[in-house]
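# Survey of secondary and tertiary structure
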There are 4 protein chains.
Amino acid sequence: MKATAEVQVIPIGSGVSVRAEVKRAHRVLEEANLNAQLHSNGTNLEGELSEIFRAVEKIHETLHSEGTVRIATFIKVATRTDKEPSLAGKLF
Amino acid sequence: MKATAEVQVIPIGSGVSVRAEVKRAHRVLEEANLNAQLHSNGTNLEGELSEIFRAVEKIHETLHSEGTVRIATFIKVATRTDKEPSLAGKLF
Amino acid sequence: MKATAEVQVIPIGSGVSVRAEVKRAHRVLEEANLNAQLHSNGTNLEGELSEIFRAVEKIHETLHSEGTVRIATFIKVATRTDKEPSLAGKLF
Amino acid sequence: MKATAEVQVIPIGSGVSVRAEVKRAHRVLEEANLNAQLHSNGTNLEGELSEIFRAVEKIHETLHSEGTVRIATFIKVATRTDKEPSLAGKLF
C-alpha cells in the first residue's frame, strides 16, 4: 500500500544539540529509497507503507546501537484509494 | 525492540462522525495484543515496534477494504535502552 | 471557541529522565482549569482554545525559567460546530 | 518568546478533497507574518509563540465560519534559550 508520511526523530538525553542524530536518521531515510524530503520539522516520505515503517525501525536500531539511549519519533502517515498518494499532490 | 506508542486514526471524507471507523481501528489494535489503552486522543500501545507498525498497516488495509477512501494516522513511538519501555512507566 | 486537545512536552538535553519536567508541565495544565487528564503519551484537555494555548505558553515559560534549555511540544486540537466538543464524547 | 512550529490542519467530514480548506488555512498563516513555509505535511512557521497560536485560532474561526464543521489540527512547537530558534537552523 502506497503512502505519504512525515517522520521526526527526537533523541532525548543526548544533549541540547541533536543535529548529529537527526542527520543520521535522515540518512537512513534517504537510503530507504522513499523520496525523502528534509524540512525544518521532519522528513517527508513517499513509498510503500511497510518500507516507511521498516525505515523508522532501522533509525531506532541504528541510533540505539550508536549510543542514543532514548528516542521519541513522531510519524504522520496518509493513504487513499481514490488516487495514487504523492507528496507533490499535497502541495498547491 | 520493545516500544511504547500512541496511534490516532482520522478518516477523511467519511462524514463528520468518524466513530465507527475509530472504533474499528481501535479493535484492530486490541486484537494485536499490544496492551491497547483507549483515550480521547488515540490509543496508547506497548509492545514490539514491528508489531505496532504491522497493526497500523492492518488498520489502513481494513478501513480501506471496508470503504474508507482516505486515512491520516498520527503515531508517536518511543524506545529506550536504559530500561524496559512501558506505558505504566510514563505515568506519575 | 471550545476545543479538545492533547499536549505532550518533551524537554531536550535535560538528561534521559524527563519525569520532573513532564510533571511540572502537567501541573501547569492542571492549574489552568482545563479538565486535564494525564495519560502515557500526554495530557488530554478540554476548554477554551485560547486558554489551552495560553497554558502551553506558560509551560514553555515556566520550564525555561527553571533551567530547561530546549523544549519540543506536540499538540493536537479539535473543534466542531455541530456539538459541544468534549473529551468524554471522544470515547466509546 | 520566539518559536519554530509546524501546523497541519485536517477538515473532517468536508469530503475526500480537503485542498480548499488546507489552502485557506495556509493563507491565514501567510497573512500572520510568521515566515510560513508550505510542505507536503503542513506549514512550518517561525515567530512569536503567542502569534503562532493566535494564527491557529484564526484558522479554526475562519474555516468554521466558512462552513467546515469539524477540524483537527496537529501542531509542533519548539523553543530554546541557548540560541534564537529559526527554521533555517533546523536544516543541515
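Quick summary incoming for the structure in this document. What you see is a predicted model; the values in this text were computed from it and never measured. (Residues numbered from 1 in each chain as written. Chains lettered and ligands numbered in written order. Predicted model: local features only at pLDDT ≥ 70, side-chain atom pairs only at ≥ 80, totals over all residues. Heavy atoms only, no water.)

## Observations concerning the packing of helix α1 (residues 19-31) of chain D against helix α2 (residues 49-65) of chain D
All names here are of chain D. For the pair α1 and α2, interaxial distance at closest approach is 9 Å and the crossing angle is 140 degrees. Compared by their axis directions, α1 and α2 come out oblique. With respect to the hand of their crossing, α1 and α2 are arranged in right-handed fashion. Taking contact as the criterion, the partners of Glu21, Arg24, Ala25, Val28 and Leu29 in α1 are, on α2, Ala55, Lys58, Ile59, Thr62 and Leu63. Across the contact of α1 with α2, the residue classes break down as 6 nonpolar, 1 polar and 3 charged. (Axes fitted to C-alpha atoms, helices over the stretch in contact; angles between N-to-C directions. Helix = DSSP H or I, 4+ residues; strand = E, 2+ residues; numbered from the N terminus. Parallel < 35°, antiparallel > 145°, perpendicular 65-115°, else oblique. Left-handed = near helix turned anticlockwise from the far one by under 90°. Contact = heavy atoms within 4.5 Å. Nonpolar A, V, L, I, M, F, W, Y, C, P; charged D, E, K, R; others polar.)

## A short note on the pairing of strand β3 (residues 42-48) of chain A
Residue and element names in this part refer to chain A. Summarising burial for β3: 6 of the 7 residues are buried, a large majority. Where strand β1 (residues 2-12) meets β3, 6 bridges bridge the pair, whose relative direction is antiparallel. Bridged to Glu6 within β3 is Asn44. Counting the residues between successive antiparallel strands, the hairpin from strand β2 (residues 37-39) to β3 contains 2 residues. (Buried < 20%, exposed > 50% of the residue type's maximum accessible area, 1.4 Å probe, protein only. Pairing = 2+ DSSP bridges.)

## Regarding the environment of Val7 of chain C
Residue and element names in this part refer to chain C. Assignment of secondary structure puts Val7 in strand β1 (residues 2-12). The exposure class assigned to Val7 is buried, which follows from its relative accessible area of 2%. Through-space distance from the C-alpha of Val7 to that of Asn41 is 8.6 Å; in sequence the pair is 34 residues apart. Aside from chain neighbours lying at most four places away, what touches Val7 is Leu29, Gly42, Thr43, Leu45, Val56, Thr73, Phe74 and Ile75.

## Quick notes on helix α1 (residues 19-31) of chain B
All names here are of chain B. Taking 1.5 Å as the rise per residue, α1 with 13 residues should run 18 Å; its terminal C-alpha atoms sit 18 Å apart, in good agreement. Contacts made by the buried residues of α1 are with β1 (2-12), β2 (37-39), β3 (42-48) and α2 (49-65). Just downstream of α1 lies Asn33, where phi reads positive at about 60 degrees. (Expected span 1.5 Å × (residues − 1).)

## Re the sheet that holds strand β4 (residues 70-80) of chain C
Pairing is antiparallel in the open sheet, where 8 strands are placed in the order β2(C)-β3(C)-β1(C)-β4(C)-β4(D)-β1(D)-β3(D)-β2(D). The two strands at the open ends of the sheet, each matched to only one other strand, are β2 (37-39) of chain C together with β2 (37-39) of chain D. Here the strands of the sheet are splayed against their neighbours by 20 degrees on average, with no regard to which way each runs. Across the sheet, helix α2 (residues 49-65) of chain C lies against β1, β3 (42-48) and β4 of chain C together with β4 (70-80) of chain D, angled at about 175 degrees from β4 of chain C, the strand it touches most. Helix-sheet contacts for α2 of chain D involve β4 of chain C together with β1 (2-12), β3 (42-48) and β4 of chain D, and the interaxial angle to β4 of chain D is about 175 degrees.

## Some details on the interface of chain C and chain B
Each partner contributes to the interface: chain C provides 21 residues, whereas chain B provides 21 residues. Both sides of the chain C and chain B interface together cover about 2100 Å² of buried area, and 52% of this is carbon and sulfur. Linking chain C with chain B are 2 salt bridges, by the criterion used here. In this structure, Lys76 of chain C and Glu6 of chain B form a salt bridge, with 2.8 Å as the shortest nitrogen-oxygen distance. (Buried area = accessible area lost by both parts, 1.4 Å probe. Salt bridge = Lys/Arg side-chain N within 4 Å of Asp/Glu carboxyl O.)

## Re the sheet that holds strand β4 (residues 70-80) of chain A
On the basis of which strands lie adjacent, the open sheet formed by 8 strands has the order β2(A)-β3(A)-β1(A)-β4(A)-β4(B)-β1(B)-β3(B)-β2(B) and antiparallel pairing. On the outer flanks of this sheet lie β2 of chain A together with β2 of chain B, each paired with one strand and no other. Each neighbouring strand pair of the sheet contributes to a mean axis angle of 20 degrees, computed without reference to strand direction. Sitting on the sheet, helix α2 (residues 49-65) of chain A touches β1, β3 and β4 of chain A together with β4 (70-80) of chain B, and the angle it makes with β4 of chain A is about 175 degrees. Across the face of the sheet, α2 of chain B comes into contact with β4 of chain A together with β1, β3 and β4 of chain B while running at roughly 175 degrees to β4 of chain B.

## Regarding the side chain of Thr62 of chain A
Residue and element names in this part refer to chain A. Locating Thr62 in the fold gives a position in helix α2. Of the residues examined, Thr62 reaches a relative accessible area of 12% and is grouped as buried. Each residue touching Thr62, except ones within four places of it in the same chain, is listed here: Arg24 and Val28.

## Considerations on the relation of the copies chain C and chain B
Mapping chain C onto chain B leaves a residual RMSD of 0.0 Å; the transformation is a rotation of 180 degrees accompanied by 0.0 Å of translation along its axis. Both copies of the chain, as the preceding transformation shows, are related through a two-fold rotation axis. Identified as the residue of chain C closest to the rotation axis by C-alpha distance is His39 of chain C, at 3.9 Å. Take the interface residues of chain C: 100% of them recur as interface residues in chain B, which is what a same-surface contact looks like. (Least-squares fit on C-alpha atoms with pLDDT ≥ 70 in both.)

## So, the pattern of salt bridges
Residue and element names in this part refer to chain D. The final tally for this structure, using the stated rule, is 24 salt bridges over all chains. Across the salt bridge formed by Arg80 and Asp82, the nearest N and O atoms sit 2.8 Å from each other. Take Arg80: its relative accessible area is 18%, and that puts it in the buried class.

## With respect to the pairing of β4 of chain B
Taken across its 11 residues, β4 of chain B has 11 buried, putting it largely inside the fold. The alternating pattern of β4 of chain B places Arg70, Ala72, Phe74, Lys76, Ala78 and Arg80 of chain B and Ile71, Thr73, Ile75, Val77 and Thr79 of chain B on opposite faces, both of which are buried. Two strands pair when backbone bridges link them, and β4 of chain A and β4 of chain B are joined in this way by 11 bridges, in the antiparallel orientation. Looking across to β4 of chain B, one finds that Thr79 of chain A is bridged to Ile71 of chain B. In this structure, β1 of chain B lies alongside β4 of chain B, joined through 9 bridges in antiparallel fashion. Looking across to β4 of chain B, one finds that Pro11 of chain B is bridged to Ile71 of chain B.

Geometry only, nothing functional implied.
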